[in-house]
Amino acid sequence: MGIDGSGAGLLVVNVRVFDGLGEEAVPGHVRIERDRITEVVLGNPFPRTLRGATVIDGRGRTLIPGLTDAHVHLFAIGSTMADLQHGPSGTVYYQALAAARDMLMRGFTTVRDLAGDTEPLRRAIDRGLFPGPRIYPSQAAVSQTSGHGDFGSVHDTPTALGGPQARTEQIGFTRVADGPERVLAAVREQLRKGAAQIKLMAGGGVASEFDPLDVLQFTPAELEAAVAAASDWGTYVTVHVYTSEGVRRAVEAGVRCIEHGHLTDEDTIRFLAERNVWLSTQPFEADDHHYASPESDRKNREVCAGVDRTFGWAREHGVRLAFGTDLVLDPGKAHRQTEMLVRLGKYLRPVEALRMATSGNAELFRLSGRRDPYRAAPLGVVVPGAWADLLVVDGDPTTDLSVLAEPERNLHLIVKDGVVHRNELG
Ligand SMILES: [Zn+2]
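Cut-offs and rules
Residues numbered from 1 in each chain as written. Predicted model: local features only at pLDDT ≥ 70, side-chain atom pairs only at ≥ 80, totals over all residues. Helix = DSSP H or I, 4+ residues; strand = E, 2+ residues; numbered from the N terminus. Buried ≥ 20, exposed ≤ 12 C-beta atoms within 10 Å, placed from the backbone. Domains from an automatic or database assignment. Contact = placed C-beta atoms within 7 Å. Nonpolar A, V, L, I, M, F, W, Y, C, P; charged D, E, K, R; others polar. Pairing = 2+ DSSP bridges. Axes fitted to C-alpha atoms, helices over the stretch in contact; angles between N-to-C directions.

Asks: Go over unusual backbone geometry, please, and point to the residues and values.
Replies: Look at the link from N44 to P45: it is a cis peptide, with omega at 5 degrees. Looking at the element boundaries, P45 is found in the loop between β3 (36-42) and β4 (54-57). You will see that Q139, though not glycine, has its phi angle at about 60 degrees, which is positive. Relative to the helices and strands, Q139 is located in the loop between β8 (134-137) and β9 (141-143). Of note, N276 is a non-glycine position whose phi angle comes to about 55 degrees, a positive value. The residue N276 is located in the loop between α9 (266-274) and β14 (278-281) in this model. The exposed category is assigned to N276, around which 10 C-beta atoms lie within 10 Å.

Have a look at this one:
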């Protein structure tokens, strides 16, 4: 952390500005005061005297909004499965702190966290105690018994039948609940703890060992209970699910966003567009995740085989797509967060991908309504009044995403909430 935009502010001059909304970057200058962008002046050179402000000369580089990631697991990207299941909670928390710092230094200034007790982390970061992105916490991901978030041992008696609580529940990573009443309680528990949105596991998963990918999780009544509890608090439910049946059941219950969807058929993708439901899917490659169990490895390959067609159909039918990475359980793969953004170039023009990873994701985040911790200002855009989250990049990511794959080399300025976290422009 260094200079901030307090006092007369910070002026970034001689940049090409991509505002997060348009088609291209255009010459201009951006003023920051405290935590907001207060002025965006287009044209070249800067038309007024520079008196008062701290001036950073961008020397023709590209200024873009801070990047966003709609699907992260701060608890599970700093940590391994062994840490989550057997380690001290402190290990998980401190590693989450380091993962948050690393995300910010890759240029991600806002993330939506989809499992874990990250509200306290958000508060500490927002107070400026540690560097990290803005966080939209879901708190614990809610799962049924034997669902994707049930990390008990296969031969344990389920918690609901008097068995022991899995460690992942004790540390606030997951919450297992069955039946509408207990689902209501579980969802309300997360809302009480500061969840900005609610995450449910609505179908089989890769990392969990005893739920095949095809299984449906939570009955319609349970899903409806979760949606009712969330909407009473002014926010929404997003679900982990891969299959067509699972997607349809969730949407019929009022779920507003689907995580993954890689095994969904074309009709169901079209159905998402008709219902105006978001698809937060990920451009996975098989080696993004490593699984010790051969069954998880097989499931991972099945999911990855669906990536191309899912993106293709979503594009074709105009589904609202969000960009997220869902990297988990392998701290050595965390740096792929930006590589996965570059992979969007396979399906989208660079500027479309960049819009998705800035203003597009921000629109999804805004579904949190009054539970949105950052609702006071526009997010993911470079416009007057917006949160002062921006990057200056060597190269032009609106025409070449690959410059984002090497953040240490190409991100010359990182500003979040008006605070300069990296400045290599002097
Ligand atoms: Zn996930």
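Let's pick the thread back up.
Asks: How would you summarise the domain arrangement of the protein if you had to cite specific residues and measurements?
Replies: With domains assigned, the protein is organised as domain 1 (10-65 + 377-423) and domain 2 (67-347). Taken together, the contact pairs 15 residues of domain 1 with 16 residues of domain 2. Of all elements in the fold, only β17 (411-416) and β18 (419-423) reach the threshold of two or more residues within the side of domain 1 that touches domain 2. Here the residues of the side of domain 1 that touches domain 2 sort into nine nonpolar, three polar and three charged.

Asks: Go over the sheet that holds strand β7 (residues 108-113) with me, naming the residues and quoting the values.
Replies: Pairing is parallel across the open sheet formed by three strands, whose spatial order is β6-β7-β8. Both edges of this open sheet fall to β6 (67-72) and β8, since each of them pairs with a single strand only. The average undirected angle you get between the axes of adjacent strands in this sheet is 15 degrees. Relative to β8, β7 runs parallel, the two being bridged by four bridges. Each bridged residue has a counterpart across the sheet, and for R112 the counterpart in β8 is Y136.

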